[in-house]
Every structure is written in C-alpha cells, then in structure tokens.
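Examination of the molecular architecture
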Amino acid sequence: MAEKEVKLFGNWASTFTVRVEWALKLKGIEYEFVNENIPFNKSEELLRLNPVTKKIPVLVHNGKPLAESLVILEYIDDTWTEGYSIMPKDPYDRAQARFWAKFADDKCISAMSGVSTSLGEAQQKMLQEAREVFQTLEQALGSKQFFGGDQIGYLDLAIGLFAFWMPILEEIVNVSVVDNENAPLLKEWFARILDVDMIKTSLPPRDKMYELSKQRREQFLSGEISRLN
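Fair warning: this is a prediction, and the values are worked out from it, not measured in the lab.

Attention shifts here to the packing of aromatic side chains. Applying the stated criterion to the full structure yields seven aromatic pairs. Aromatic side chains F134 and F162 sit 6.0 Å apart centroid to centroid with 70 degrees between the ring planes, which places their arrangement in the edge-to-face category. Residue F134 is found in helix α5 (residues 120-141), and its partner F162 is found in helix α7 (residues 162-173); the two are separated by 28 residues along the sequence. Grouping residues by exposure puts F134 and F162 together as buried. Judged by centre distance (5.0 Å) and plane angle (80 degrees), the rings of F147 and W189 are edge-to-face. Of this pair, F147 sits in the loop between α5 and α6 (154-159) while W189 sits in helix α8 (residues 184-194), placing them 42 residues apart in sequence. The lysine or arginine in question, K208, covers the ring of W12, its NZ or CZ lying 4.5 Å from the ring centre.

Glancing now at the layout of surface pockets. Taken as a whole, the second largest pocket spans an internal volume of roughly 320 Å³. Every residue lining the second largest pocket is counted, 19 residues in all, and those nearest its centre are P88, D93, A97, F147 and G148. Only α4 (91-116) and α6 provide two or more residues apiece to the lining of the second largest pocket. When residues of the lining of the second largest pocket are assigned to their parent elements, the largest contribution, five residues, is made by α4.

For the bond running from I56 to P57, omega is 0 degrees, close enough to zero to count as cis. With respect to the element layout, P57 can be found in the loop between α2 (44-49) and β3 (58-61). Phi at K54 takes a positive value of approximately 60 degrees, unusual for a residue other than glycine. Tracing the backbone shows K54 in the loop between α2 and β3.

Our focus in this paragraph is the UniProt feature "domain: GST C-terminal" (unreviewed entry) in the chain. Summarizing the sequence annotation, UniProt attributes the feature "domain: GST C-terminal" (unreviewed entry) to residues 90-220 in the numbering used throughout. Its end C-alpha atoms 43 Å apart, residues 90-220 is made of 73% helix and 0% strand.

Definitions and limits used
Residues numbered from 1 in each chain as written. Predicted model: local features only at pLDDT ≥ 70, side-chain atom pairs only at ≥ 80, totals over all residues. Heavy atoms only, no water. Phe/Tyr/Trp six-rings, centres within 6.5 Å; stacked < 30°, edge-to-face > 60°. Helix = DSSP H or I, 4+ residues; strand = E, 2+ residues; numbered from the N terminus. Buried < 20%, exposed > 50% of the residue type's maximum accessible area, 1.4 Å probe, protein only. Lys NZ or Arg CZ within 6 Å of the ring centre and 35° of its normal. 1 Å grid on protein atoms, 1.4 Å probe; cavity = no way out; pocket = protein on both sides within 12 Å on 5 of 7 lines; lining within 4 Å. Points joined across faces, edges and corners; volume = space filled by probe spheres on them. UniProt positions renumbered as here; feature names shortened; annotations may be inferred.

Right, dumping it as structure tokens:
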C-alpha cells in the first residue's frame, strides 16, 4: 500500500521511533522518514508539529500531526484496517496490552537507564530493581511465543527494541539484567523477536547503537546531559 502522505519525524536510535516504524512496515505503509538530531538540535518543523511536548516521534498523516508513540501505534491500526492486525481484538486483551506497554515505558526504560547511569553501590541497587521490573514484565508473556500470542502484536512492537538495546547496555556496563536465571522466558522472547524477518531487517546498526549508547552514558556521568532518552 502506497501512502505517500505519511511522514514520520523521529530518530534512528529511539525506541519510541522504531516501534512506530515497525508498525508502518507491518501494515505495508510507505512513509517519508525525517531523522531528528535529539536532544540538541530539534528542527523547527518538529517544534511546530508538536509544540506541547516537543518530543519525537511525530506521525503526520494527510497534514495532521500526531504525537506519542503508543497513541500512534493504535492510530495506525485503526486507520489502516486491512491486512495485519496490531491490536488484540478482545477489549480485555487490548486493555491489558495498553497496561503493560505503559508499564514498560514507565518502569523498564527508567530501570535500565538507572543501571546505566549509576556506579558502585547505587548501581547494584538499581540492578536489583531492574531485574525485579523485568521479572514482572515477564508475567505478561507467560508461556506464549509472543506477547501478541502466536504472532507479534502491539506489546511486542512497543518493547521489541529492548531485545536489541538491552544486551548492548549490559555489555557496556558489564551487568546482566535479563538472562536465563533472572528472566528465562523473556530471554527466549528476545531471541524469537529478533528472528522475525521484518524486525531483524529493520534494526539500527549495532555498532552505531553501541557507540551512541556508550557516548551518552559518558555524557550523563560527566553532567553534559541530564537524561538518556
């Protein structure tokens, strides 16, 4: 499906941007991508399109901007109804997927950022908290192949880049958060989702992600920046 009126403002390394790109690709929607230099040099067009939070991603469809990545995922599924279905059909399952996606954004990302940006005893405390948070997230997966069941769905898209991004941070910081001891089912899901054709062909370059993650950690620890995401 060619939808040339679709434009996505984001950043190639952003979890929030990548989840939207994956949704567009699952739906077969053609789009123009505008890479924003965050957090230092956001374009005037981005600030005009999202004057409220001034954050990425922003999806522009037929000239109308829409912000917040989880909101955008639902918009994509509601607007392009043919083909692949992202959201669960059952209202309870949809509500649960929304709950866990918000949990991941609120708890999981901040937990890993805390591990990456702390040292010594503080880091050990954050490490234990991160392990507990991801063990909690694992409950949403249970024995399913994917959070969406037999195929990837809304929650898989929302947190899918964790499977790529977290091992990089673990390597940089020399810790282990999700492994066969702490969260074995989630560890298996990491491998499964990264083996999905659309996912593995749409990942950011690992070497670039590694260098960026390392650089931003060093910038945070030196006080040059105040947050990682």
